[in-house]
Each structure stands twice: as structure tokens, then as C-alpha cells.
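Results of the structural survey
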Amino acid sequence: MTQISERIVLFADLRGSTALFETLGNAEATSVVTHAVNLVGRAVGDCNGKLIKTLGDGLMAAFSDASDGIKAAVQMHEALQRIVSRGQQHGASPGLRSLKLQVALARGEVVEMNGDCFGDAVNVAARLLDHAGDNETLITKEVLQGLTVTQRLRFRSLDLIAVRGRAEPVHVYVLDNYAYSSEPAAATQFGDPMPTVDPDGIRLVWLDLDRIFDIGSMPVILGRSTQATYCITDVRVSRSHARIDWHGGSFSLTDLSYNGTFVRFGRDSEIVSLRRGSCTLHGSGVIGLGGTPSDLSAPTVRFEVLHFADTEPRTIGQPHGRS
């Protein structure tokens, strides 16, 4: 039977499962991933949704109400957190402890046929997963409009994002993941940052493209697309390659690409590899897009976290001329 209705479509995807197969072997890793997806998927029924199908290390679901979809997303993140926490307590493999969850929701007319769903909302939700960072939930503007005023306050706009396979860009919002994260908001892979005066802006330099962005200009999308905030016309750069956000008094960089994003701070020889991961940007350094900063052929963006009180007055978000 074919049914056409407006639905909230949710896709969830476990990231990091590859490491499980490398450490546990195919049989045990498949069992762990299937168990994790099933536990995460319980949130669908608990929040009045319909589980359409599981997808190996992910799932697809549909909801009639936007609020139910968001509640399910939050419960999914909480469920994975419990799985990871129990694994840490019982000395599980590092692969299990590194599991992350990405969730994306879109709203629109959906055709339900033979137990499956088809339509633009399905395609948009699936493609939005390409833009989600670790433990992030992304939604479209249409989903946001179906939420209460209080619920909307938990989301930040990421502005228009070019979604693969769609001619028109999509206005995307991200859920404040600290609402369900048990980790300290300011914690990074470099440890807790030292207390400092909050920065005011960040400077990005690639070839002659020299721009400064203040915190009100966030997020900044680095990518090859002409719709990216900071456009880098190099074939190794994805259309939406990386995103700079303002979180808890600091700038964070999230990789959204297929080829990876790499960071080197100051004159440190160590290079941080971000594969769908994030890190806090501090001081100055170099961001490699699609290749490491040590690869001279790879496009690299120099960055500097700024305190405007210590600099000359500059036009924010506009080309910065060298004196």
C-alpha cells in the first residue's frame, strides 16, 4: 500500500565501527555494532516514531511530530553514551570506547511504500549526515519550525549548506550537544584549556585570501563550493570540507570531508588528524585540507586566534589588506 504524508525523517549513523572490526574481528564486531544500533533504535518507539529500517551501523526512522524526532535524537545520544561508559568501566576495547553517533532530521512530503520511505526529506536527511560532526544532531529549518520556542533555543544556525544531490542549499541547525554530553564543555583532545580571556575573532589566510571573522560570523564553512563562507578552489578540498564554530568561549574546528582535515599548532611538529572529529583552535597554526601541512602540494590555511584589544582596528569578515 502506498501512502503520501508529511513526515520528519531521521537518519542515525554510528561512526568508529571500523576500529571495532580491526580489533575484535568480524563476528564479534558485528554483534557489538548490531547490539548498539538496537539499543539506540529503542528511542524511536519510545518517542512515537516508526523504525523504517536498520542500515548496518545505522538506522532510518520517521515521525509525525518534530518534537518527538528531537526527543528520539537526544535519547539515542544518551543511549550510546551509556554503552560507551559501561565499556570503559568493564575494560572494553578502545574501538568500542571510540564509537560516535551522528543524527540528521529533515521534514517534507514522504511516500511510504512496501515498508520503506522515499522523497526529498529522505534524501536531505541522509545527505546531512555527511556534514555532522561527532555526536552532533543536525536538522533543517523545516524541522525547527515544528518545535516549541523553548526547544528552538537549543539550536544554533549553521546557515545555508550545499547538500550533495540537491540544487538548492539547505538551511541547517545544530543541536547543542552539551545538553546530553557528560564531558566537560571545554575539554579537548589537548586537555582542559588554561583559563584565558575569551578570544574575539579568528584570522584565516590561504594564498591571497586573507579574512578575519568575529564570533558573530560563526559558523564559518571552509570548502570548495562557491557558497562556502571561506572558498578554497582546490580539487582536494570537499565542497563543505570543515566548519569553524564558537563554543564555550573558544573556536572549534570540525572535519566534514572525505579526505580529512589536519592541524598543526604553532611550530609544533605534531600534526592532529581530524577524521570527522573536532578540536579547539588556539594560538596560531596551519590547517591542512585533504592533506597534512607537511604535504607541500596540499592546500593549507594559516589561522590565528585574535584578541582585538591587542590588534589594530580591522573590518570583520572583509578582506584584510597587509600594510
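Our subject in this report is the structure included herewith. (Residues numbered from 1 in each chain as written. Predicted model: local features only at pLDDT ≥ 70, side-chain atom pairs only at ≥ 80, totals over all residues. Heavy atoms only, no water.)

Another point: empty space enclosed by the protein. In total, this model carries one cavity of 30 Å³ or more according to the counting rule given. Considering only enclosed or pocket space, the largest cavity measures out at about 30 Å³ in volume. Contributing to the lining of the largest cavity are A12, L14, V37, V40, D57, G58, L59 and L101. Elements that contribute at least two residues to the lining of the largest cavity include exactly β1 (2-15), α2 (26-46) and β3 (58-63). When grouped by side-chain class, the residues that make up the lining of the largest cavity number six nonpolar, one polar and one charged. (1 Å grid on protein atoms, 1.4 Å probe; cavity = no way out; pocket = protein on both sides within 12 Å on 5 of 7 lines; lining within 4 Å. Points joined across faces, edges and corners; volume = space filled by probe spheres on them. Helix = DSSP H or I, 4+ residues; strand = E, 2+ residues; numbered from the N terminus. Nonpolar A, V, L, I, M, F, W, Y, C, P; charged D, E, K, R; others polar.)

Next up on the list: the pairing of strand β9 (residues 201-206). By the criterion of burial, β9 is predominantly enclosed, with six of the six residues buried. Burial along β9 is two-sided: the residues G201, R203 and V205 and I202, L204 and W206 are all buried. As defined by bridge partners, β9 adjoins strand β10 (residues 209-214) across six bridges and the pair is classed as antiparallel. Looking at β10, one finds that G201 is bridged to D214. Here β9 hands over to β10 after two residues, with L207 in that stretch at a positive phi of 50 degrees. Across five bridges, the pairing between β9 and strand β19 (residues 300-306) is antiparallel. Paired with G201 across the bridge in β19 is L306. (Buried < 20%, exposed > 50% of the residue type's maximum accessible area, 1.4 Å probe, protein only. Pairing = 2+ DSSP bridges.)

One pass over the structure, following the stated rule, counts 10 salt bridges. Measuring nitrogen to oxygen at the nearest pair gives 2.9 Å for the salt bridge that ties E6 to R107. You can see E6 sitting in strand β1 and its partner R107 sitting in strand β4 (residues 100-113), a full 101 residues away along the chain. Note that R236 is salt-bridged to D295, the shortest N-O span being 3.2 Å. (Salt bridge = Lys/Arg side-chain N within 4 Å of Asp/Glu carboxyl O.)

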